[in-house]
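Each chain is listed here by its residues.
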Amino acid sequence: MLGYVPGHFQVIRHLRPKYACCSCDAITQAPAPCMPTPRGRATPAMLAHLLVSKYCDHLQLYRQCEIYARQGVELDRSTLCDWVGQAAWLLAPVVAAIRAHVFAAEKIHGDDTTVPVLEPGLGRTRTGRLWVYVRDDRRFCGAAPPAAAYFYSPDRTGARPAAHLASFSGFLQADGYSGFDKLYGPARTKPGPITEIACWAHARRGFFDEWEHHKSATAKQALDRVAAIYEVEARAAFVPIGERVELRRAAAPLIEAFFEWAAATTAKLSAKSSLAGAFNYAINRRQALSRFITDGRLEVDNNIAESAMRCITLGRKNYLFAGSDTGGDRAASIYTIVQTAKLNDVNPEVYLRDILTKIADGHPINKLNALMPWKLPPQT
């Protein structure tokens, strides 16, 4: 039999009597208990539950207020908002350490998505962006723990990824966003070049749309050719680098044949057709789409980053918009912690409760490595 016991609140009272010495009139009192925020009323467990409910379970603060009210606890939404801000401020060093770990990798995945942001006093929203960069070496049996770094920006100019990736050099797997173009190539000497790795899932998408809407036989043939490449790649997942390269040798002639066929087919199509656009997207990125064959660290597509964006897509359907740019920055910080914990099979609420307790107890700022999600044993 399976039962359910609803969660409940605790009101914790700390009694701190004052004692006066009859001889010298000195007054003694036990120190106040350590709390995450000065004079805060929310324990680490309460803050962890609040953050996970909002950024992992996608419950807006006003809904949480209604849930708590049903349990007899009246909390104003502004109070919860203050707690989120205070927690994000406390966790900023941990977020910075996770981001540094991500950008220390040789290969990362990047993606971005829209997020509506409320315009104060105007009653309408504008479009901001949430960015993610993911380090995940598990598919080639890498030893480094996976992590995801999120950032918020009010626009999508090329200066945003340039700032995010200022300390990174190596391989970047992403879509065809033009803002990344200035980062690619040997001309970038500080801290080093970034090599473009294109995504076969994005290249495939144009052919899929054409097949779904128009049942184009040419698009179907393109999908079949890409599927053959993925069949080879399926055998190369979660194996060491050297073995991956050997397995991928079978994909090299398939990719070569795809581009030869694509070039011949494109010459027969109208340059303005959507099918020609799908072909040109792939042809223009031929080298970037082929690099994964000879390097076992690289992936065939950017699905790792797209999976990391799924939490934002789900949340966006619930909270509809961010209240401000500050709210976007807070969301990026907490998403960084929550999603990194999930990537390491750690319960985000358990993890947040643990590190907020340690921070409240005065954990040294120079020992942030001990607070990383992968330092906790896997949770269920």
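So, how was this worked out
- Along each chain, numbering runs from 1 in the same order as the chain's sequence is written.
- Local features are withheld for residues below a pLDDT of 70 in this predicted model, meaning they are given only at 70 or higher, and side-chain atom pairs are given and counted only at 80 or more; totals for whole chains, interfaces and linings count all residues.
- With hydrogens and water stripped out, all remaining heavy atoms of the structure feed into the side-chain values.
- Elements are defined by DSSP. Helices are runs of H or I of four residues or more, strands are runs of E of two residues or more, and each kind is numbered from the N terminus.
- Take the residue count of a helix, subtract one, and multiply by 1.5 Å to get its expected span.
- Here's how the labels work: a residue is buried when its accessible area is under 20% of the maximum for its type, exposed when over 50%, partly exposed in between, all with a 1.4 Å probe on protein chains only.
- The contact criterion used throughout is that any non-hydrogen atoms of two residues lie within 4.5 Å.
- Each axis is a line fitted through C-alpha atoms, taken for helices only over the stretch in contact, and angles between the N-to-C directions span 0 to 180 degrees.
- Less than a right angle of anticlockwise turn of the near helix away from the far helix marks a crossing as left-handed, whereas a clockwise turn marks it as right-handed.
- All amino acids are sorted into three groups, where Ala, Val, Leu, Ile, Met, Phe, Trp, Tyr, Cys and Pro are nonpolar, Asp, Glu, Lys and Arg are charged, and the leftover types, Gly among them, are polar.
- Lining residues are those with an atom within 4 Å of a point, where the points come from a 1 Å grid over the protein atoms alone and group into cavities, where a 1.4 Å probe fits but cannot get out, or pockets, open sets with protein on both sides within 12 Å along at least five of seven lines.
- Grid points are joined across faces, edges and corners, and a volume is the space filled by probe spheres set on the points.
- Each polar contact in these results corresponds to two N or O atoms within 3.5 Å; when the atoms are within protein, one needs to be able to donate a hydrogen and the other to accept it, and residues that are neighboring in sequence are counted only if both atoms are side-chain atoms.
- At least two bridges found by DSSP between two strands is the condition for calling them paired.

Caption draft 1: Spatial organisation of helix H3 (residues 77-90). End to end, H3 covers 20 Å across 14 residues, agreeing with the expected 20 Å (1.5 Å per residue, within 8%). Every buried residue of H3 is accounted for by Leu80, Trp83, Val84, Gly85, Ala87, Ala88 and Leu90. In this fold, the buried residues of H3 make contact with helix H1 (44-55), helix H2 (61-70), helix H4 (92-103), helix H14 (325-343) and helix H15 (348-360).

Caption draft 2: The arrangement of the packing of H2 against H3 in detail. Two elements in contact, H2 and H3, have axes whose closest approach is 9 Å; the angle formed by their N-to-C orientations is 120°. In terms of crossing hand, the pair formed by H2 and H3 is right-handed. Of H3, the residues touching H2 (which contributes Leu61, Tyr62, Gln64, Cys65 and Tyr68) are Arg77, Leu80, Cys81 and Val84. Residue composition of the contact of H2 with H3, by class: seven nonpolar, one polar and one charged.

Caption draft 3: Seen up close, the layout of surface pockets. By volume, the largest pocket is sized at about 1200 Å³. Together, 35 residues line the largest pocket, and Phe9, Gln10, Arg41, Thr43 and Met46 are the ones closest to its centre. The set of elements that each furnish at least two residues to the lining of the largest pocket consists of H1, H2 and H15. Considering every element that reaches the lining of the largest pocket, the biggest residue donor is H1, with five residues. Across the lining of the largest pocket, the residue classes tally to 19 nonpolar, 11 polar and five charged.

Caption draft 4: Quick look at the environment of arginine 138. Following the sequence through the fold, arginine 138 ends up in the loop between strand S4 (124-135) and strand S5 (147-153). For arginine 138, a relative accessible area of 34% gives the class partly exposed. Considering only alpha carbons, one finds arginine 138 and proline 240, 102 residues apart in sequence, at a separation of 9.5 Å. When neighbours within four sequence positions are excluded, arginine 138 is seen to be in contact with Pro146, Phe238 and Leu343. Within the local environment of arginine 138, its side chain forms a polar contact with the backbone oxygen of leucine 343, the two atoms lying 3.1 Å apart.

Caption draft 5: Looking closely at the pairing of strand S3 (residues 107-119). Here three bridges tie S3 to strand S6 (residues 170-173), and the two strands are oriented parallel to one another. Paired with histidine 109 across the strands is glutamine 173, a residue of S6. Note that S3 and S4 share 11 bridges and pair antiparallel. Bridge assignment links leucine 118 to a residue of S4, and that residue is threonine 125. Between S3 and the antiparallel strand that follows it, S4, lie four residues; glycine 121 among them carries a positive phi value of about 80°.

Caption draft 6: The sheet that holds strand S7 (residues 194-197), seen in detail. Strand order in the open sheet formed by five strands is S5-S4-S3-S6-S7, and the pairing between neighbours is mixed. Strand pairing shows two members of the sheet lacking a second neighbour, S5 and S7, which therefore form its edges. Neighbour to neighbour, the strand axes of the sheet diverge by 30° on average, direction disregarded. One ladder, built from four bridges, connects S6 with S7; its direction is parallel.

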